[in-house]
Amino acid sequence: MFTGRFLANRRGVALLAEERALLESAISEVRTLEPRLTLVRAGEVVGISTLLVEGMMSRYIDDQRGLRQLVAVHVAGEFVDLHAYPMHRLDHSIGTLTAATVAIMPHDALQEVLTGREEFARKLWFATLLDAALHRAWLFRLGRLDAVGRVAHFLSETNARLQAVGLSDGRRFALGLTQTDIAEVCGLTTVHTNRAIRQLREAGLCILKSASVEIPDSEGLAKRGDFDPDYLYLDTPR
């Protein structure tokens, strides 16, 4: 089932078996994508929304020189562009960070399964509101935290999001991002990011090795990053 992780372990929005089957029926195709692939470019009119089944993807904006600024990172189980359903045209680009599998849902199909099902539509609306909560946390991270705090916050958040969909045990998870990616997420240079990662390791809070993350002290890491998972609306023990 391609939608099995969507809204998993979120408070008050558990999908009924019938609703999950309806969402599955809206899938027109499943694609396997290479890393660093642009799926949608800013300004394009789109008639589909994309559910991330495996891997990591981003939303980003290019400046006039073509330099990328990440504005969101998505993990498995999340819609990357559900907001395209009512908006039709995106003001940002969408691309893969790692190899990814995505389920494509045409907006006509979404319209069909949502018509007359207000509670089901509310749950999909919740998913877009959760995106907004993640954006607010992103702004907080960049605006109020120092370099080490930003990295600690991002890794704590990613751990919590992956744990909700069964891809982290709370202490270890795979992270196919480069230090350059983490630097972009945290609004830092790669030099500052490397230094922050080293400080977290020396403090015994977090260890990044190749494409994996180990968190010996999740509470300490969360405290260093001023991370409170309440905005994620998780239905799992904190």
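Here the structure is a predicted model, which is why all the values come from computation and not from measurement. (Residues numbered from 1 in each chain as written. Predicted model: local features only at pLDDT ≥ 70, side-chain atom pairs only at ≥ 80, totals over all residues. Heavy atoms only, no water.)

Q: Describe in detail the nonpolar core, supporting the description with residues and values.
A: Counting 28 residues, the largest nonpolar core has Val151, Leu155, Leu175, Leu200 and Leu221 as its most contacted members. Look past the residues within four positions of Leu155 in its chain and what remains in contact with it is Phe173, Leu175, Cys206, Leu208, Val213 and Leu221. Among the nonpolar cores identified, the runner-up in size contains 24 residues, and Val53, Leu110, Phe120 and Phe126 belong to it. (Core = buried A, V, L, I, M, F, W, Y, C linked by side-chain atoms within 4.5 Å. Buried < 20%, exposed > 50% of the residue type's maximum accessible area, 1.4 Å probe, protein only. Contact = heavy atoms within 4.5 Å.)

Q: Can you tell me about the side chain of Asn159, naming the residues and giving the values?
A: In this structure, Asn159 sits in helix H5 (residues 147-164). Excluding residues that lie within four positions of it along the chain, Asn159 makes contacts with Ser168, Gly170, Arg171, Phe173 and Ile215. (Helix = DSSP H or I, 4+ residues; strand = E, 2+ residues; numbered from the N terminus.)

Q: Tell me about the pattern of salt bridges, residues and numbers included.
A: Within the structure shown, the criterion is met by 16 salt bridges. Here Arg5 and Glu54 are joined by a salt bridge, their closest N and O atoms 3.1 Å apart. Within this pair, whereas Arg5 is found in the segment before helix H1 (17-25), its partner Glu54 is found in strand E3 (residues 48-54), the two being separated by 49 residues in sequence. A relative accessible area of 36% places Glu54 in the partly exposed class. A salt bridge links Arg224 to Asp146; the nearest nitrogen and oxygen atoms lie 2.9 Å apart. Taken together, the residues Arg224 in helix H8 (residues 218-224) and Asp146 in the loop between helix H4 (118-144) and H5 connect sequence positions 78 residues apart. By relative accessible area, which is 41% here, Asp146 ends up partly exposed. One continuous salt-bridge network, built from bridges that share partners, spans Arg36, Arg68, Asp181 and Glu184. (Salt bridge = Lys/Arg side-chain N within 4 Å of Asp/Glu carboxyl O.)

Q: Summarise the packing of aromatic side chains; cite the residues concerned and give the values.
A: Summed over the entire model, instances satisfying the criterion amount to three aromatic pairs. Considering the side-chain rings of Phe6 and Phe79, the 5.2 Å spacing of their centres and the 90 degrees angle between planes classify their relative orientation as edge-to-face. Highlighted residues: Phe6 in the segment before H1 and Phe79 in the loop between strand E5 (68-74) and helix H2 (84-87), separated in sequence by 73 residues. Given the relative accessible area of 3%, Phe79 is considered buried. With a centroid separation of 5.8 Å and an interplanar angle of 80 degrees, the aromatic rings of Phe126 and Tyr233 are classed as edge-to-face. With Phe126 in helix H4 and Tyr233 in the segment after H8, this residue pair connects regions lying 107 residues apart in the sequence. What makes Phe126 buried here is its relative accessible area of 14%. If you follow Arg141 out to its NZ or CZ, it ends over the ring of Trp138, 5.0 Å from the centre. (Phe/Tyr/Trp six-rings, centres within 6.5 Å; stacked < 30°, edge-to-face > 60°. Lys NZ or Arg CZ within 6 Å of the ring centre and 35° of its normal.)

So, to be careful, I would describe these as geometric facts and stop short of saying anything about function.
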